[in-house]
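Reading the structure
What follows is the residue order along each chain.
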Amino acid sequence: INKRMNKILKDKKILVGIAVVVLAVIIAGGFFVLSANKNNKPASSGIEEEQVLALSPEEIGLSLTLGEDGQRVIMEISKVEDIKSLEYQLSYNSKDDIPRGVIGTVDIKGSSIKKEIVLGTCSDVCHYDEEISNIKIIIKVIKTDGKAYQVEKTLEE
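Procedures and definitions
The residue numbering used here restarts from 1 in each chain and proceeds along that chain's sequence as written. The predicted origin of the model limits local features to residues at a pLDDT of at least 70 and limits the giving and counting of side-chain atom pairs to 80 or more, whereas totals for whole chains, interfaces and linings rest on all residues. Side-chain measures were taken over the full set of non-hydrogen atoms in the model, leaving aside hydrogen atoms and water. Any two rings among Phe, Tyr and Trp, with Trp reduced to its six-membered ring, count as a pair given centres within 6.5 Å; such a pair is stacked if its planes are under 30 degrees apart, edge-to-face if over 60, and tilted if neither. Only when the NZ of Lys or the CZ of Arg is both within 6 Å of the ring centre and within 35 degrees of the ring normal is a charge said to sit over the ring. Excluding any residue in a salt bridge, patches collect residues exceeding 30% relative accessible area, merging like charges within 9 Å and nonpolar Val, Leu, Ile, Met, Phe, Trp and Tyr side chains within 5 Å. Accessible surface area values rest on a Shrake-Rupley calculation with a 1.4 Å probe, where residue burial reflects the displayed protein chains alone. By salt bridge we mean one thing: a side-chain nitrogen of Lys or Arg within 4 Å of a carboxyl oxygen of Asp or Glu. Positive charges come from Lys and Arg alone, negative charges from Asp and Glu alone, with His and the N- and C-terminal ends not counted. Charged groups are reduced to one reference atom each: NZ for lysine, CZ for arginine, CG for aspartic acid, CD for glutamic acid. Every helix listed is a DSSP run of H or I at least four residues long, and every strand listed is a run of E at least two residues long, numbered separately from the N terminus. Think of it in three bands: residues with accessible area under 20% of the maximum for their type are buried, residues over 50% are exposed, and the middle band is partly exposed, with areas taken using a 1.4 Å probe on protein chains only. Here the rule is simple: two strands pair whenever DSSP picks up at least two bridges between them. Axis definition: a line fitted to C-alpha atoms, over the contacting stretch in the case of helices. Angles run 0 to 180 degrees between N-to-C directions. A score between 0 and 100, pLDDT records how confident the predictor is in each residue.

Let us look at the packing of aromatic side chains. Enumeration over the complete set of coordinates arrives at zero aromatic pairs. It is Lys143 that lies over the ring of Tyr149; its NZ or CZ is 5.5 Å from the centre.

Printed below as a string of structure tokens:
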């Protein structure tokens, strides 16, 4: 019985020892992971993140219409006095709900802007998308004071 008791006590000591080692490894691993995450913070590049404010389409005089041929969108902006630059992203779905898009910039010349955006691709010959739906434009506006704004408008069908 004594030998058996000694063996049981010895086995318990071994199990407790293994548990202590496993616990120490888990704690050390957790400490290592946490300290590695603190040290891996990205260095500041000195460039501040640009805050983009929202504008309504009316504030820049934005109108969006589908051309009579259904193959282009006409974007008109009538209030450009304090606008330095414009970038746009037009998105839409074509036949079989395939997402399409057009991106571009607009030169600010004169007191208004009129831009025709082709719904398709053109090189030597234009290939127009068919069954157009869900037309939406997002415009990034940089004002003369340097502030950035975003305007969104959906073309009502």
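Still more to cover.
A contiguous patch of negative charge, built from Asp96, Asp97, Glu130 and Glu131, is present on the exposed surface. In this fold, Glu130 is placed in the loop between β8 (126–128) and β9 (133–143). On the basis of relative accessible area, Glu130 is assigned to the partly exposed category, the value being 48%.

Now for the sheet that holds strand β10 (residues 148–154). Read across the sheet, five strands follow the order β1-β10-β9-β4-β5 without closing on themselves; strand pairing throughout is mixed. The strands lining the two open edges of the sheet, one partner per strand, are β1 (52–55) and β5 (98–106). Shown here is a sheet whose adjacent strand axes are inclined to one another by a mean of 20°, direction ignored.

What follows deals with the confidence of the model for the protein. Segments scoring low in pLDDT should not have their predicted coordinates read at a detailed level. Scored by pLDDT, the protein has a mean of 83; 71% of the residues are at 70 or more. The secondary-structure element of the protein with the lowest mean pLDDT is helix α1 (residues 2–39), recorded at 65, while β10 shows the highest, at 96.

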